[in-house]
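Residues per chain are reported as follows:
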Amino acid sequence: MRQKLVIGNWKMHGSLAANAALLEGIKAAPARAKLAVCAPFPYLAQCQTLLSGSQVAWGAQDVSSEARGAFTGEVAASMLGEFGCGYALVGHSERRTYHGETDAVVAAKALRALEFDIVPVVCVGETLAEREAGQTEAVVGRQLQAVLDALSIEQLGRIVLAYEPVWAIGTGKTATSAQAQEVHAALRARVTAKDAGVAARMAILYGGSVKPDNAAELFSMSDIDGGLIGGASLKADDFLAIGNA
Ligand code: 13P
C-alpha cells in the first residue's frame with residue numbers, strides 16, 4: 001500500500017500574515033494523508049519555522065537546473081537543501097508554458113533536486129487540444145520519458161510524479177476519476193518498463209481542480225496516490241478535507 005500524499009501548490013499567492021494563519025490551521029488537525037505545502041521562495045523560511053516539529057512537510061515550486069553561477073533570479077537546489085526543503089515541483093505546466101521549460105530542462109531540474117535530497121515532484125500533463133487530438137498518452141509519455149532517461153533506477157525511486165491535465169488546472173473542470181486513472185496507469189506502466197519495483201512504490205498524484213467534494217472519488221482509484229492542489233490548498237479547511245478524503 002502506498003501512503004497517500006497531498007501537496008498544496010500555493011502558486012503566487014500568500015503574505016506573511018495569511019500564510020501564518022493557513023499553516024496554523026493545517027497543523028492544527030490530523031490528516032490521513034501525508035501533507036506538504038509548496039510556497040513561493042520568500043516564504044520558505046517562514047514555512048521552515050512554522051512547520052518545524054509538525055507532520056507537515058514543505059517545498060519549493062521550482063528549482064534551477066544549474067548548480068550555481070550567473071543565473072540572475074534562479075534558486076539553486078543547494079540553497080533549498082540548506083533549509084531542509086523536502087520537495088520541489090519541477091515542470092509544472094505554468095513553468096513549461098510561461099517560461100519555456102523543455103522536457104530536458106525539467107529532467108535536469110529533477111536531477112539537481114535529488115543531488116540535495118529534495119524530492120522532485122515531476123509534473124506532466126496535456127493541453128485540451130492535445131487531448132482532443134488523441135495525443136494524451138503520447139504527450140505525457142514523452143514528458144516522463146525525458147526523466148526516465150536521465151535518472152538512474154535509484155534516483156527514480158526518490159521522485160514523485162504528478163499528472164496535471166492543463167485543461168483542468170484552475171478551470172473547475174476535473175478529469176473524471178476514470179480519465180485520470182487511465183493516464184496514471186499508463187504512466188506507471190512506463191515506469192514499470194524501467195523498473196517494476198520502483199513503479200510499484202512511486203507516488204503518482206493527480207492535480208487539476210481537486211476539491212473536497214471530488215477528492216475521495218479520485219483518490220479511490222488504484223493508481224492515484226494523492227493530489228497536487230492549487231486553489232483549494234489556500235484554505236486550511238479545504239486542504240485538510242482533501243487530506244482526509
Ligand atoms: P488547481 O487545483 O487550482 O486547479 O491547480 C492545480 C495545480 O496546478 C496544482 O499544481
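Everything numeric here is computed off the predicted structure, so don't read it as measured data.

A. Layout of the overall build of the chain. A count of helices and strands for the chain gives 12 helices and eight strands. For the chain, the C-alpha radius of gyration of 17 Å lies close to 18 Å, the compact-globule estimate for 245 residues. For the chain, the spread of C-alpha atoms along the principal axes amounts to about 45 × 45 × 35 Å. Counting all 245 residues of the chain, 49% fall into the buried class. Partitioning the contacts of the chain with sequence separation of at least 6, the portion at a separation of at least 24 is 71%. Of the accessible surface of the chain, which amounts to about 10,600 Å², a share of 55% is contributed by carbon and sulfur atoms. Computed over 21 positive and 25 negative side-chain charges, the inter-centroid distance for the chain is 2 Å.

B. Layout of the UniProt feature "active site" (unreviewed entry) in the chain. Per the UniProt entry, the sites bearing "active site" (unreviewed entry) are H92 and E164 in this numbering. A maximum C-alpha distance of 8.3 Å among these annotated residues, which run over 73 residues, shows that they cluster at one spot. For H92, the position within the fold is in the loop between strand 4 (87-90) and helix 4 (93-98). Judged by its relative accessible area of 3%, H92 is buried. Every residue in contact with H92, bar those within four places of it in the chain, is listed here: N9, K11, C123, E164 and I169. When near neighbours in sequence (up to four residues on either side) are disregarded, E164 contacts H92, C123, V124, G125, E126, I169, G207, G208 and L228.

C. Up close: helix 11 (residues 212-219). Buried residues of helix 11: N214, A215, L218 and F219, and no others. Along the axis of helix 11, the buried residues cluster in a sector spanning 130°; they form a single face. On its buried face, helix 11 sits against strand 1 (5-9), helix 9 (177-194), strand 7 (204-207), strand 8 (226-229) and helix 12 (236-243).

D. Quick look at the environment of M221. The residue M221 is located in the loop between helix 11 and strand 8 in this model. In this structure, the C-alpha to C-alpha distance between M221 and V75, residues 146 residues apart in sequence, is 36 Å. Setting aside residues no more than four positions away along its own chain, M221 makes contact with S177, A178 and Q181.

Definitions and limits used
- Residues numbered from 1 in each chain as written.
- Predicted model: local features only at pLDDT ≥ 70, side-chain atom pairs only at ≥ 80, totals over all residues.
- Heavy atoms only, no water.
- Helix = DSSP H or I, 4+ residues; strand = E, 2+ residues; numbered from the N terminus.
- Rg over C-alpha atoms; globule rule 2.2 N^0.38 Å.
- Buried < 20%, exposed > 50% of the residue type's maximum accessible area, 1.4 Å probe, protein only.
- Contact = heavy atoms within 4.5 Å.
- Areas by Shrake-Rupley, 256 points an atom, 1.4 Å probe, with all protein chains shown as cover.
- Lys, Arg positive; Asp, Glu negative; His and termini not counted.
- Charge placed at Lys NZ, Arg CZ, Asp CG, Glu CD.
- UniProt positions renumbered as here; feature names shortened; annotations may be inferred.
- Arc of directions from axis to C-beta.

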